[in-house]
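Reading the structure
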Amino acid sequence: MSENSFSGWVDRIDEHTVSGWAANAMQPDVPVNVSLYIDGARMTTIACNQPRPDAVAAGHPGARAFSMEWRQFGCPGQSIIEIGYEHTLIPVPNGKRTITLSDDQKTGGHWSSQYSKTSQLITRWWESEYIVRAINKRVCGEDIPGPSAGMHQLALRRFEGKTPFARGVSIGAGTGAKERLAMQCGLVDHFTLFELSQVAVDRGRAEAAGAGLADRMHFRLENGMESKTHEGIYDFVYWNNALHHMFDVRAALEWSRRVLKKGGVFLMDDFVGPDRMQWSDQLLSINNDVRRALDPKYLRDPGNPALQLRSTVERPDPRAIIATDPSECADSGRILPELLRLFPDAEVIKTGGGIYHLGMNDIMHNILADENFELIDQLMDIDDQCAQLGETHYAVVMATVPD
């Protein structure tokens, strides 16, 4: 097609979003897609699927809008962002700009994309109520539903008489879903919630309002580690699968210790495995033995059953992890040592993950769909043995600042 076949305009390119509209003059009833390019490399397709009456009124029949958060595709540093009509080399007018991303902006973009996704497949352990219940039982002795519910229940017992904590803080809170659960079970009265993803913050505020908690959940779109925070201001510091995203775990934990009042409580449920998921030889060997022993039907790709997944697991390429999310497991291997340095009397409960997070990661849906709970129980037993060997990916930690 010629350049005259298309019309369009890019309204916005900034550190968060690209948006605009496009139309095909030859086929105005057919929606147009555009492509996102970063430094000359095509990253993804963006659908133009919302009417743009202003552009139609200006003489562009069939004009439809596009918009997306693009940062999950970018890398920290300076990049050239371009928008072009899909399957052509034709640029959309006003569709080129040079943008500089920080590590925080890249991380926020990645998580905005994650919070925008939905899926019917159960391929991660936290999507399976059966496994979540088993983990909760490890923590509090009760087979109860809900992510981190076992930790919440145990904390209510341990700190009976001190709860609800008056003022809590959470970094990397996402939409605040887990923090809402902590509030609803009576663990904390008010939360300050730091988050880098605009999508997560917007959704979190809406969900807090829907739960009647808008005046008790204060979302802040900023890096909590860089915010101005007084010493000894919080009764409760809460980390829930966010501490492993800190680039400097020691600094994050020292910050946690500093902002807690005397008698304040530190509570954590987080990934504590090796930096950048560089699994040990021992754990890889155990997982490979497990997968080779499975019925081949469980190794089918849940998203495409015609494909067979590998019977072995490997260490991911650290460069690929950094390209997707620079914060992923950046310093996670230091979490437990640093915690015990700052809180030597901390209670540490290793909750496993050597099997359910690694070997079962991409095939869990198949086992659950087959309702083979006996197999899941066997795999969870192996997982527990791995934790006893020191091969744990997750841990719950409770600690108190001395009075």
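Residue positions are given per chain, counting from 1 as you read along its sequence in written order. Local features in a predicted model are, by the rule used here, given only for residues with pLDDT of at least 70; side-chain atom pairs are given and counted only at 80 or more, and totals for whole chains, interfaces and linings are based on all residues. Computation of side-chain values covers all heavy atoms of the structure but excludes hydrogens and water.

**A look at the overall build of the protein chain**
Where we set the bar: Think of it this way: any DSSP run of H or I at least four residues long counts as a helix, any run of E at least two long counts as a strand, and we number them from the N terminus. Put simply, the radius of gyration uses C-alpha atoms, and a globule should come to 2.2 Å times the residue count raised to 0.38. Buried residues are those whose accessible area, probed at 1.4 Å on protein chains only, stays under 20% of the maximum for their type, while exposed residues exceed 50% and partly exposed ones sit between those limits.
Scanning the protein chain from N- to C-terminus turns up 13 helices and 17 strands. A compact globule built from 403 residues should have a C-alpha radius of gyration of about 22 Å, and the protein chain, at 24 Å, falls within 12% of that. Taken over the C-alpha atoms alone, the protein chain extends approximately 70 × 55 × 35 Å along its principal axes. Expressed as a percentage of its 403 residues, the buried residues of the protein chain come to 50%.

**Re the sheet that holds strand β3 (residues 33–38)**
Here is the rule we go by: Strands qualify as paired when DSSP identifies two bridges or more between them. Axis angles are defined between N-to-C directions and span 0 to 180 degrees, where every axis is a line fitted to C-alpha atoms and, for a helix, only to the segment in contact.
One open sheet holds the four strands; their spatial order is β4-β3-β7-β8, and the pairing between them is antiparallel. Because the sheet does not close on itself, it has two edges, and the strands there are β4 (41–47) and β8 (91–101). Strand-to-strand twist in this sheet, taken as the mean axis angle between neighbours without regard to direction, amounts to 25°. Where β3 and β4 come together, six bridges link them in antiparallel fashion.

**Brief notes about the side chain of Ser-256**
This is how the line gets drawn: Here, two residues are considered to be in contact whenever any of their heavy atoms come within 4.5 Å of each other.
Note on placement: Ser-256 falls in helix α7 (residues 249–259). Overall, Ser-256 belongs to the buried group, its relative accessible area being 0%. If sequence neighbours within four positions are ignored, Ser-256 has contacts with Val-237, Trp-239 and Phe-266.

**Focus: the packing of helix α8 (residues 281–293) against helix α13 (residues 373–388)**
This is how the line gets drawn: Our angle categories are set so that under 35 degrees counts as roughly parallel, over 145 as roughly antiparallel, 65 to 115 as roughly perpendicular, and the remainder as oblique. If you view the pair so one helix is near and one far, a crossing is left-handed when the near helix is turned anticlockwise from the far one by less than a right angle, and right-handed when it is turned clockwise. Under this grouping Gly is polar, as are all residues other than the nonpolar Ala, Val, Leu, Ile, Met, Phe, Trp, Tyr, Cys and Pro and the charged Asp, Glu, Lys and Arg.
One can describe the packing of α8 onto α13 by two numbers: an axis separation of 12 Å at closest approach and a directional angle of 165°. Compared by their axis directions, α8 and α13 come out roughly antiparallel. Once α8 is placed against α13, the crossing between them reads as right-handed. In this structure, α8 uses Leu-283, Ile-286 and Val-290 to contact α13, whose residues at the interface are Leu-379, Ile-382 and Cys-386. Residue composition of the contact of α8 with α13, grouped by class: six nonpolar, no polar and no charged.

**Observations concerning the pattern of salt bridges**
Here the idea is simple: oppositely charged side chains can pair when their charged atoms come close. The condition is simple: Each reported salt bridge corresponds to a side-chain nitrogen of Lys or Arg within 4 Å of a carboxyl oxygen of Asp or Glu.
Scanning the entire structure with this criterion turns up 23 salt bridges. With its nearest N and O atoms 3.0 Å apart, the salt bridge here joins Arg-138 to Asp-383. Taken together, the residues Arg-138 in helix α3 (residues 129–140) and Asp-383 in helix α13 connect sequence positions 245 residues apart. Residue classification places Arg-138 among the partly exposed positions, given a relative accessible area of 24%. You can call Asp-383 buried: its relative accessible area is 0%. One salt bridge connects Asp-281 with Arg-315, and the closest N-O pair in it is separated by 2.3 Å. Separated by 34 residues along the polypeptide, Asp-281 in helix α8 and Arg-315 in the loop between β15 (304–308) and α9 (318–324) bring together distant segments of the chain. By relative accessible area, Asp-281 is classed as exposed at 57%.

**Focus: unusual backbone geometry**
For the bond from Thr-163 to Pro-164, the omega torsion is 0°, close enough to zero to count as cis. You can see Pro-164 is positioned in the loop between α4 (149–158) and β9 (168–171). Here the phi dihedral of Met-277 falls at roughly 60°; this positive angle occurs in a residue that is not glycine.

**Comments concerning helix α6 (residues 198–210)**
Selection criterion: Expected helix span is computed as 1.5 Å times (number of residues minus one). Think of it as the arc spanned by the lines of direction from the helix axis to the C-beta atoms. By the criterion applied in these results, polar contacts are pairs of N or O atoms within 3.5 Å in which, for protein atoms, one can donate a hydrogen and the other can accept it, and in which residues neighboring in sequence qualify only through two side-chain atoms.
Along its 13 residues, α6 runs 18 Å from first to last C-alpha, staying within 8% of the 18 Å computed at 1.5 Å per residue. Regarding α6, the residues found buried are Ala-200, Val-201, Gly-204 and Ala-208. Along the axis of α6, the buried residues cluster in a sector spanning 95°; they form a single face. Where α6 begins, the side chain of Ser-197 points an oxygen toward the backbone nitrogen of Val-199, at a separation of 3.4 Å. Positive phi appears at Gly-212, one or two residues downstream of α6, with a value of about 75°.

**Observations concerning the side chain of Glu-338**
Its place among the elements puts Glu-338 in helix α10 (residues 335–342). For Glu-338, a relative accessible area of 6% puts it in the buried group. Contact partners of Glu-338, with chain neighbours within four places excluded, come to Val-249, Arg-250 and Leu-253.

**A few points about the nonpolar core**
Quick reminder of the rule: In plain words, nonpolar cores are sets of buried Ala, Val, Leu, Ile, Met, Phe, Trp, Tyr and Cys residues tied together by side-chain atoms within 4.5 Å.
Membership of the largest hydrophobic core comes to 30 residues, with the highest contact counts inside it found for Trp-125, Ile-131, Tyr-356, Met-360, Ile-367, Ile-376 and Leu-379. Of all the secondary-structure elements, those providing two or more residues to this core are α3, α8, α11 (354–359), α12 (364–369) and α13. Among the elements that line this core, the one with the most residues is α13, at five residues. Non-local contacts of Met-360, meaning those with residues more than four positions away in its chain, are made with Ile-131, Ile-355, Ile-376 and Leu-379. Within the second largest apolar cluster, 29 residues are counted, among which are Tyr-234, Trp-255, Leu-260 and Val-401.

**Notes on the packing of aromatic side chains**
What counts, and what does not: Pairing of aromatic side chains here covers Phe, Tyr and the six-membered ring of Trp, requires ring centres within 6.5 Å, and sorts the geometry by plane angle: under 30 degrees stacked, over 60 edge-to-face, intermediate tilted.
The final tally for this structure, using the stated rule, is 14 aromatic pairs. Ring geometry for Trp-125 against Trp-126: centres 5.5 Å apart, planes inclined by 85°, an arrangement best described as edge-to-face. The exposure class of Trp-125 is buried, given its relative accessible area of 13%. Pairing Trp-125 with Tyr-356 gives two aromatic rings, centres 5.5 Å apart and planes at 70°, and the pair type is edge-to-face. Of the two residues, Trp-125 is situated in the loop between α2 (103–115) and α3 and Tyr-356 in helix α11; the sequence distance between them amounts to 231 residues. Note on accessibility: Trp-125 and Tyr-356 belong to one class, buried.

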